[in-house]
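Close look at the chain arrangement
As a plain string of letters, each chain reads:
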Amino acid sequence: MLTALRIFFPFILSLGLTYAQYDLVVYGATPQGVTAAVAAAQEGLKVLLLEPGRGVAP
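Scope of this entry: the structure provided in the associated data block. Only a predicted model underlies this, so the values are computations on that prediction, with no experimental measurement involved. (Residues numbered from 1 in each chain as written. Predicted model: local features only at pLDDT ≥ 70, side-chain atom pairs only at ≥ 80, totals over all residues. Heavy atoms only, no water.)

Before going further, it helps to spend a moment on the packing of aromatic side chains. Applying the stated criterion across every chain yields a total of zero aromatic pairs. In this arrangement the basic side chain of Lys46 is found over the ring face of Tyr22, its NZ or CZ atom lying 5.3 Å from the centre. (Phe/Tyr/Trp six-rings, centres within 6.5 Å; stacked < 30°, edge-to-face > 60°. Lys NZ or Arg CZ within 6 Å of the ring centre and 35° of its normal.)

Below, the structure is given as structure tokens:
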């Protein structure tokens, strides 16, 4: 996991996300992670979903 953070940290910085504020950050777009992110967003939380892979599998 630490290796993934080292890869994503420069990416996050390049997007300017370090200055954004989120109520919840979900790391991993697994079915459980997506469900948690959607449920939190439906409750009105500002959610950031991060996926360390190339994308989310259908």
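Turning our attention to the pairing of strand S2 (residues 47-50). Covered by surrounding structure in S2 are Leu48 and Leu50 only, the residues Val47 and Leu49 on the alternate face being uncovered. In the sheet, strand S1 (residues 24-27) pairs with S2 via four bridges, with the strands oriented parallel. Its bridge partner being in S2, Leu24 is matched across the sheet by Val47. In this fold, the crossover linking S1 to S2 by way of helix H2 (residues 31-42) has right-handed handedness. (Buried < 20%, exposed > 50% of the residue type's maximum accessible area, 1.4 Å probe, protein only. Helix = DSSP H or I, 4+ residues; strand = E, 2+ residues; numbered from the N terminus. Pairing = 2+ DSSP bridges. Right-handed = clockwise from strand over helix to strand, strands pointing away.)

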